[in-house]
Amino acid sequence: AYSLKNKTVVMTGGSGAFGQAMEKQLLAEGVKSIHKLQFGKDWNNEDFSRVGPTLEGADIIILAHGTKGSDAMDSNCTSSVRLIELFMQHKSAQSQRTKVLPEIWYVGSEAELHPAWGGTEMVRYTASKRAFLPYARALYKSDKVIYRHIVPAAFDSRMGKAIVSADWAARCTMSWIRRGAYYVPVTYTGLAYLNFFKFLLGASADLKWMDKMGKA
């Protein structure tokens, strides 16, 4: 249903467990190139001035960065919105010429649905993931972009131990995307399936900047 062959990919969080596992999957699918934006070098939560040229040449942006730290809201929500805005600004004219829609993949979490188990860090993380959902819904419903919302259950990474590996999560992700899925439940608990109804039926953000680009 879907092919990644010869696609140019830009990825945040590429040095993390899921990012590295996804890189292997993407290369196996025949992507043309993968450019991993490094936090602290190419961008940070206050400065995105250096990412423009990289985003301009990308077909797909994968937002796989995240944290449970004190800057969770900036990292997991605010920075993702800003990177998407910049990506769409660079891609709008090209997509009108080529009729090929740009793609955005965002790595969410089953924490979008379940309570914030695990103390202060998990409360921050859960709040930040849920804060992004209105933007995710608006992108999911938009006809100006292909948006894929990836919802993994916990997997083994620097953020915590789990019963499955990041490689398993990446393989599961790619098996859904290969079949054309836009909502991607990467789960062994089943919560990601239930989360789809919350994801689909909640409020959406007003993405006025996308409307402006559609009229450009």
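Details of the structure are given in the entry above.
Treat the numbers as computed from the prediction; the structure is a model and nothing was measured. (Residues numbered from 1 in each chain as written. Predicted model: local features only at pLDDT ≥ 70, side-chain atom pairs only at ≥ 80, totals over all residues. Heavy atoms only, no water.)

A.B. asks: Before we move on, could you go through unusual backbone geometry and cite the residues and values that matter?
C.D. replies: We note that Asn6 has phi near 70 degrees; this positive angle belongs to a residue other than glycine. For Asn6, the position within the fold is in the segment before strand E1 (8–12). (Helix = DSSP H or I, 4+ residues; strand = E, 2+ residues; numbered from the N terminus.)

A.B. asks: Describe in detail the packing of aromatic side chains, supporting the description with residues and values.
C.D. replies: As enumerated under the stated definition, the model contains ten aromatic pairs in all. Taking 5.5 Å as the distance between ring centres and 35 degrees as the angle between the ring planes, the aromatic pair formed by Phe18 and Phe155 counts as tilted. One end of the pair, Phe18, is in helix H1 (residues 17–28); the other, Phe155, is in the loop between strand E5 (146–152) and helix H5 (166–178), with 137 residues separating them in the sequence. Judged by relative accessible area, Phe155 falls into the buried class, the value being 15%. Seen from their ring centres, Phe196 and Phe197 are 5.9 Å apart, and the 70 degrees between their planes marks the pair as edge-to-face. Taken together, the ring pairs connect Tyr140, Tyr183, Phe196, Phe197 and Phe199 into an aromatic cluster. The ring of Tyr125 is capped by Lys68, whose NZ or CZ atom sits 5.9 Å from the centre of that ring. The positively charged end of Arg148 is found above the aromatic ring belonging to Tyr2, 4.4 Å away from the centroid. (Phe/Tyr/Trp six-rings, centres within 6.5 Å; stacked < 30°, edge-to-face > 60°. Buried < 20%, exposed > 50% of the residue type's maximum accessible area, 1.4 Å probe, protein only. Lys NZ or Arg CZ within 6 Å of the ring centre and 35° of its normal.)

A.B. asks: Just give me the short version of the sheet that holds E1, but keep the residues and values in it.
C.D. replies: Taken in spatial order, the six strands line up as E2-E1-E3-E4-E5-E6 in an open sheet, and their pairing is parallel. Edge positions in the sheet fall to strand E2 (33–37) and strand E6 (183–186), since each has one partner strand and no second. Each adjacent strand pair in this sheet contributes to an overall mean axis angle of 15 degrees, direction not counted. Relative to E5, strand E4 (residues 103–107) runs parallel, the two being bridged by five bridges. Bridge pairing in E5 links Tyr106 to His149. (Pairing = 2+ DSSP bridges. Axes fitted to C-alpha atoms, helices over the stretch in contact; angles between N-to-C directions.)

A.B. asks: Residue-level account of the environment of Ala58, with values.
C.D. replies: Within the element layout of this structure, Ala58 appears in the loop between helix H2 (52–56) and strand E3 (60–63). Every residue in contact with Ala58, bar those within four places of it in the chain, is listed here: Thr8, Val10, Phe87 and Lys91. (Contact = heavy atoms within 4.5 Å.)

A.B. asks: Account for the environment of Glu46, with residues named and values stated.
C.D. replies: Checked against the element boundaries, Glu46 lands in the loop between E2 and H2. Its relative accessible area of 67% is what places Glu46 among the exposed residues. The sequence separation of Glu46 and Asp74 amounts to 28 residues, and the corresponding C-alpha distance is 9.0 Å.

A.B. asks: Go over the nonpolar core, please, and point to the residues and values.
C.D. replies: Counting residues in each nonpolar core, the largest one holds 32 residues, and the members touching the most others are Val51, Ile84, Met88, Ile104, Phe132, Leu139 and Tyr147. Every element with two or more residues in this core is listed here: E3, helix H3 (72–98), E4, helix H4 (120–141), E5, helix H6 (191–201) and helix H7 (208–214). By residue number, the principal contributor to this core is H3, which donates seven residues. Not counting chain neighbours up to four residues away, the residues in contact with Ile84 comprise Leu63, Ile104, Phe132, Leu139 and Trp209. Listed in part, the 26 residues of the second largest apolar core include Ala21, Ile60, Ile177 and Val186. (Core = buried A, V, L, I, M, F, W, Y, C linked by side-chain atoms within 4.5 Å.)

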